[in-house]
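Chain residues, written in single-letter form:
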Amino acid sequence: MSKRVLLIIILFLSISSFGIGAEYPNKPITILVHTKPGGAVDLMARTLSRVADNYCDQPLVVVNKPGGGGIIAGARLLSSKADGYTILAFPATFIPTLQTTDIGIGLDDLKYLACLTISPEAIITNPNSEINSLEKIISHAKANPGTQKWCGPGTGSLDHLMAVKFWEKADIKVKWIPYGGGSQAMGAVMGKHADVYVGNPEDILGRQKNLNIVGVSTEKRLDAFPEVPTLIEKGIDLPNEVMWRGFVVHKNTNDEITKYLVDLFEKCSKDSIWQNYINRTMVTPVFMKNEKFKELVYNDVESSRKYLKIAGFELDKNANEAPYLTLFLFGIFIISFLIVYLVFKKKDIKINGTISILTITGILSVTFFYISSFFPAPREGLFVSSATVPKVWSIFLFIVSVIGLKLYYKNPTDETAKKGENVKSVISLSFLILAYITLISIIGFFISTGLFLISSMLIMRYKKYISLLLTTTLVLLFMYIVFIKILMVPLPIGSIF
Amino acid sequence: MELFSNLIDGFSALGGTASIAWWQPILVILIGIIVGIFVGVMPGLSASTGLALIVPFTFGMEPLIAIILLAAVYTSASYGGTISAIAINTPGTPAAVAVAFDGYTLTKKGQPGKALGSSLFANVVGGLTGSLVLIFFSVPLAKIALKFGPSAFFSLAIFGLTIVSSMESKNRLKAFVSTAIGLLLMTVGLDIINGSPRFTFGRAELFDGFTFIPALIGLFAIGEILLNIENMQIVKKIKQKFSSKMPKFSELWSLKKLIAKSSVIGAVVGAIPGAGATIAAFIAYGEAKRTSKKKDEFGKGSLEGITAPSSAAGASAGGALIPLLTLGIPGSAATAVMIGALALHNITPGPELFKPENSTLVYALFASLFVGNALMLFIGYSGTRLWVKIISAPKAVLFSIIMSIALVGSYAVKNSMFDVFVCLGFGVFGWLLRRNGFPTAPMVLAMILGKMAETNFRQALLSEGTWTVFFTDPLSLILLIMAFLSLAYPLYSERKKRKNNSSKGI
């Protein structure tokens, strides 16, 4: 290699690395959100992204990574480079998730940027029901222990923990009915299917006819609801239970970048659009940066561990797994097919697709039944557990599979099957799709899609090569314009491109 | 009447106000419809994604313009979903699964224009009916919606499941097997009641279970393509002629009673939070088949089988706005996004909307639903030719493009590569099932209703502490009786028919 080339390379490298260091955001910054579009955190992130347009040369793009209560989004943050181009919206709901799931995300893996909003926890009831004040909640619960119905989103959620804390301080015994989401739980209270809902003050906006706040967990009464007492006033010592929402990055992100982002957020938090958002959603604006935010998070962890245990979570203990699962599966597979083969051999019926599928669904049902018999036993006082429904469905599947085999044995004709000749093409196409999906995460979306379109058309023996290439180009162009330019939907990114 | 004068105010607001030029509302509705149809057509993009994507654009708009834009996207997405169901057997929305049975069959017979046209007409009539129900009956319907507690929701889910029995008469047992597989697969994931993982094998991606849309795309789009390829000797030569001829008006007019009935079913069931469009469409399909004089045509491209679920799906969009506007409770994923979006415009959904200072806004929204549906008829009508042209492309090209879009769609739901593998897995599984005569639609229905059944079953037992709650709650009891009838009636009527035939000596 000549010296000149080497020199050019070194020069190029130094310029480019200098470039990155000097002007940190030189490409769009991703904000990961752990809920589907439309949730409260998502709205905050999207508002921030819009406000930040005024203060940052590069766009902040919101990418939703829902799943597992935040585990997926958290894992995505930790697996991406610590270069400040990936930020995670980090609300308080992460705390119980990280405690109850052992998935390798720790609070020390994060660097805390800033907490932007908080909203206090609130106890909410139906004004038209008999239980519609703190006093009535407590006196009713003491008179009828274990019957009053409290509800909120999920089990082990932030709101559930708030409820557990309340029960401990008020010394009452009630039931917790988990719902899929806050609005479903609110609907239950509005329809008097449950008595008390645990949420935030803004939840009752527009629903005042059917919902009222009976207490908030703050030191002073809220400006927006001056008639609502605080919990302390009523002798329940919970002065500061809040749902906070902030942002974090990978712990290895350098201080310069962190400072840039914190400054950016600070500017945004003073913007009029942001203020407007704060007023409309009735959250309390705060600006707690770095260490202060971290302190808030770590304090919450302390108390959440204690109350998760009270709520019945067995922390630090692995779930019961079904023993010898592979061996079991292997054994049941051989035995079932052997039995089916021997039985059908008597009538000289060959094992075909229908028989195989019914046998496999039979095996599936037995396996699900086997695994679910190792699920945790029902908690005290409950007669159904997580295993009940899977067991019922697997018995149902087993019965219909066996009846199906029996019917086929009696009358081995299959009018409904739609078999064709071209099984080879189907198999090669399936493997092509598999290769395509695998390639996407290596060489990126557009190149692999192009390759896939060409080879798939070739497999289907399409031989007009010019229109084949034209179609491929047009489809790629269409996807680029529609998904990236117009809709701004994130597409999969490869490790090379 | 005050209501009518309010409505007239609403319509006149659409014609422009002091701060809004006359052309703005119509233009916004047009854009909304096109965006809505597009997200509906694309597998993987749904009304809720479309709304979330468009929310940031509404920040700078007048509240009135923003609210009608969102409503237009929301209502037209359900029509978009039926287009891809009919044209390429890829339901863009779960509700469109019920439309695919007869719609796609009619397309395969070479008459996509007829299928698309009748579905469009039914959808628009449904949409208008839904809007009327929303305007005139929202208060009593909201009261009924609130009566639905866990026990009633459980019984509703069971009722929905029993429709499988009337859906597939030829191979009922295989349909039940397919249902049971769907139910069992839906138990994968974190148990919502006590938070413990089930059948997840330690994979965080499975904590929320199989993502529904990729599974749906796999079972239908990928499975259909694989099945097609298997049955084609030389793919390149297959270039079917498709007719874009629309159905005659007299054909549709003869279905007026069915469309009206299905629209009412759609609006009422749509008003129950959490049940929504899908159950409505399936109930309408089952009901249409039960009462039809030409039962044998169902599944073979019957217009009744297309219009009933289409009008129910169209009407349920209006129905789902009832709990949103009167109670502030979103009944579906899409309406949940609407709530957030409205909050940003300082509009708090709920009874307060109907107070005088806000009423123009609400009635303008109602008026925009009527205008939007009328415009959708024209846009959909002119779009039909385009869709027919697209599906007339050589199969090799069409299939390749559908597959790549289906995979992108699977990714787009949660931005997860795992879901793309789920889509492929369900695709191959769906192909294996279908080539052996196991229908996949019951599996989809079971996947939609399985989780609802289990969650509400356990919530009901938790709150009441006794098994009898399902029979003492009157709503739940009625639904359970209906479930029993819908399971048993088809069996009974077939047996009777067989007896009659044998006594006649056939």
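I will try to describe carefully the structure that is included in this document. These numbers were taken from a predicted model, which means no experiment stands behind them.

On to the overall build of chain B, then. If you tally the helices and strands in chain B, you get 20 helices and two strands. Overall size of chain B, expressed as C-alpha extent along the three principal axes, is 70 × 60 × 55 Å. Burial statistics for chain B: of 506 residues in total, 67% are counted as buried. Looking at chain B alone, contacts between residues at least 24 apart form 78% of all its contacts between residues at least 6 apart.

A few words now on the overall build of chain A. For chain A, the helix and strand inventory stands at 16 helices and 11 strands. Overall, the C-alpha framework of chain A stretches about 80 × 80 × 40 Å when taken along its three principal axes. Considering chain A as a whole, with its 497 residues, one finds that 41% of them fall into the buried category. Taking as baseline every contact in chain A between residues at least 6 positions apart, the subset at least 24 positions apart corresponds to 74%.

Often, the extent of an interface is quoted as the loss of accessible area on bringing the components together. With 100 residues of chain A at the contact, the number on the chain B side is 99 residues. Tallying contributions element by element places helix 13 (residues 388–410) of chain A first for the side of chain A that touches chain B, with 11 residues.

Attention now moves to the environment of glycine 274 of chain B. Looking at the secondary structure, you find glycine 274 of chain B in the loop between helix 11 (256–270) and helix 12 (276–291). Residue classification places glycine 274 of chain B among the buried positions, given that 24 C-beta atoms sit within 10 Å. Non-local contacts of glycine 274 of chain B, meaning those with residues more than four positions away in its chain, are made with Gln184 of chain A together with Phe153, Gly331 and Met452 of chain B.

All names here are of chain A. If you check the backbone angles, asparagine 290 has positive phi at about 40° while not being a glycine. Within the element layout of this structure, asparagine 290 appears in helix 10 (residues 290–310). Positioned with a positive phi, arginine 461 is a non-glycine residue whose angle comes to about 55°. Mapping arginine 461 onto the fold places it in the loop between helix 15 (445–459) and helix 16 (465–486). With 13 C-beta atoms packed within 10 Å, arginine 461 lands in the partly exposed category.

It is worth spelling out the environment of glutamate 23 of chain A at this point. Residues and elements named next belong to chain A. You can see glutamate 23 is positioned in the loop between helix 1 (3–22) and strand 1 (29–33). Residue classification places glutamate 23 among the exposed residues on the basis of 10 C-beta atoms within 10 Å. Along the chain, glutamate 23 and asparagine 252 lie 229 residues apart, while their C-alpha atoms are 19 Å from each other.

For the rest of this paragraph, the subject is the sheet that holds strand 6 (residues 149–153) of chain A. Pairing within the open sheet is mixed, and its five strands lie in the order 7-6-8-5-9 (chain A). The sheet is open, and its two borders are formed by strand 7 (175–179) and strand 9 (212–216) of chain A, each paired with just one other strand. Strand-to-strand, the axes of this sheet are offset by a mean angle of 30°, without reference to chain direction. Here strand 5 (residues 122–125) of chain A runs beside strand 8 (residues 196–199) of chain A; their pairing, made up of four bridges, is antiparallel. Directly across from alanine 122 of chain A, in strand 8 of chain A, lies its bridge partner glycine 199 of chain A. Together, strand 6 and strand 7 of chain A form the strand contacts of helix 18 (residues 441–464) of chain B, whose direction differs from that of strand 7 of chain A by roughly 165°.

In this section: the sheet that holds strand 1 of chain A. Residues and elements named next belong to chain A. Read across the open sheet, the six strands follow the order 2-1-3-10-4-11; overall the sheet is mixed. Looking at strand neighbours, the two that pair on one side only are strand 2 (60–64) and strand 11 (284–289), the edges of this open sheet. Shown here is a sheet whose adjacent strand axes are inclined to one another by a mean of 25°, direction ignored. Relative to strand 10 (residues 242–250), strand 4 (residues 110–120) is paired through nine bridges, and the arrangement is antiparallel. The residue of strand 10 that forms the bridge with leucine 110 is histidine 250. The strands that helix 8 (residues 255–269) touches are strand 3 (86–91), strand 4, strand 10 and strand 11; relative to strand 4, the one it contacts most, it runs at about 20°.

Criteria and cut-off values
Residues numbered from 1 in each chain as written. Chains lettered and ligands numbered in written order. Predicted model: local features only at pLDDT ≥ 70, side-chain atom pairs only at ≥ 80, totals over all residues. Helix = DSSP H or I, 4+ residues; strand = E, 2+ residues; numbered from the N terminus. Buried ≥ 20, exposed ≤ 12 C-beta atoms within 10 Å, placed from the backbone. Contact = placed C-beta atoms within 7 Å. Pairing = 2+ DSSP bridges. Axes fitted to C-alpha atoms, helices over the stretch in contact; angles between N-to-C directions.

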